[in-house]
Structure formats: structure tokens, C-alpha cells
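# A closer look at the structure
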Amino acid sequence: MNKLSREQAWDLLTEYTETPALQKHALQVAAAMEHFARLAGEDPDVWWAAGLLHDLDYEKYPEEHCRKAEQIMRGRGVDEVYIRAMLCHGYGPCTDTRPESRMEKTLYAVDELTGLINAACLVRPSHSVLDLEVKSAKKKFKDKAFAAGVNRDVIRNGCEMLGVSLDDLIRETIAGMQERAEEIGLKGSL
């Protein structure tokens, strides 16, 4: 496998993604992926880069989301493991590439969930992920009007693919985001 360094992945992301909020989302997904990699006994750097690059084309090519990223990544000689992970995160709405590996299933499941957790943190008095509890995030998950753009069906399907409960997925995603709270913009006032 031709492994990307964190610097290479960041440079590629920022070449196509300039909006701070989208960069922050990429870092949040990467943080969660890194955590799940350690839980699975996999390479945290590979999972981190896969998480970071999942929305590579979203800012510049929203109508070609995933397809343009595939073209860009292939043109750069990026390893197939990253390309497949990126395609799998869009399974259903954007691609027909079904998640198969643990990494692909995890990216599919946590992408939308990190968005919901980010939104939940921003309405907290602390604006922090450090004091966010599973029950609070789950309450926001059940409120369809909260972070209405978050596709809850994708999160549920991801749980099913991974064979984990929603509570466990939320707990471990929060834990991964807590590990890098400052870097991902969710340290808040804590």
C-alpha cells in the first residue's frame, strides 16, 4: 500500500477545500476515524487520512461529489484504499460503492454523526465536545428538526453494517473527537 503521510493528506485537502468549516469537518471525521482505527487494531494514520479526504471535492465540485474526488485522487496516484473509502462514504446518495472493509463501514457511519455531534456542541454553554454525553447527543439525534441536514438513516445503516449499537457509535465518536478537541475546534471554554 502506498500510504499517505498526514502532511500529504492535509496538503491535498487544502488544495481543494479552503472553507474553514469544511476543513474543520474533515479534521473531525479524521479524529473519529483515528480513534476507531486504534479500537480495531488498524493503522491510525491510514484511517485518519481516509477520514480527512472523504469530502475532498465537496467545496469545488458539489454536483460531482465523490466522482470528482475519485478522478483527482487517481490522477495523483493516491492508493486505492483511500479512493474506495472516499467512494464508500457516499454510498447511496452519491455512489454505488458499498462499504466492505471495517474502515469503509466506519467512515460511512461516522461522517454524518460527526456533523450532528459538532452541531450539538455548538449549542452547549461550553461549546465543547469535552463535556458532551451520549444521552445529550442521542436526544439531538432523535430530534429531526435539530441539524436537519444530518442523514440519520445513514448513521443507522452504518451501525447495522458495523454491528454496533447507536449508543456505542455515538460514545466512541465523541471519544475520538475529545482526543483532538482543540485541533478540531471543539475545545470550547473547557
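Whatever comes next refers back to the structure up there.
Let me sum up the structure you'll find in this document. (Residues numbered from 1 in each chain as written. Predicted model: local features only at pLDDT ≥ 70, side-chain atom pairs only at ≥ 80, totals over all residues. Heavy atoms only, no water.)

## Regarding empty space enclosed by the protein
Stated formally: Cavities and pockets were defined on a 1 Å grid built from protein atoms only: a cavity is a group of points that admits a 1.4 Å probe but offers it no way out, a pocket is an open group of points flanked by protein on both sides within 12 Å along at least five of seven lines, and a lining residue is one with an atom within 4 Å of any such point. Grid points are joined across faces, edges and corners, and a volume is the space filled by probe spheres set on the points. Charged residues are taken to be Asp, Glu, Lys and Arg, nonpolar residues to be Ala, Val, Leu, Ile, Met, Phe, Trp, Tyr, Cys and Pro, and polar residues to be all remaining types, Gly included.
Going through the model one piece at a time under the given rule, you end up with 1 cavity of 30 Å³ or more. If you add up the space inside the largest cavity, you get close to 30 Å³. Taken together, T17, L22, A26, D55, Y58 and E59 form the lining of the largest cavity. Partitioned by chemical class, the residues of the lining of the largest cavity number 3 nonpolar, 1 polar and 2 charged.

## Comments concerning the packing of aromatic side chains
What counts here: Put simply, two rings from Phe, Tyr or Trp (the six-membered ring, in Trp's case) pair if the centres are within 6.5 Å, and we call them stacked under 30 degrees between planes, edge-to-face over 60, tilted for the rest. A ring has a charge above it when a Lys NZ or an Arg CZ is no more than 6 Å from the ring centre and no more than 35 degrees off the ring normal.
One pass over the full model with this rule turns up 1 aromatic pair. The positively charged end of K140 is found above the aromatic ring belonging to F146, 4.8 Å away from the centroid.

## Some thoughts on the packing of helix α1 (residues 6-16) against helix α3 (residues 44-52)
Note the following rule: The angle between two axes is taken between their N-to-C directions and runs from 0 to 180 degrees, where each axis is a line fitted to C-alpha atoms and a helix contributes only its stretch in contact. Helix and strand definitions here come from DSSP, where helices need a minimum of 4 consecutive H or I residues and strands a minimum of 2 consecutive E residues; each element is numbered from the N-terminal end. Oblique is the label for any angle not under 35 degrees, not over 145, and not in the 65 to 115 range, which are roughly parallel, roughly antiparallel and roughly perpendicular in turn. The contact criterion used is simple: two residues touch if any of their non-hydrogen atoms lie within 4.5 Å.
For the pair α1 and α3, interaxial distance at closest approach is 10 Å and the crossing angle is 0 degrees. Taken as axis vectors, α1 and α3 run roughly parallel relative to one another. Residues R6, A9, W10 and L13 of α1 pack against P44, D45, W48, A49 and L52 of α3. Residues that form the contact of α1 with α3 fall into these classes: 7 nonpolar, no polar and 2 charged.

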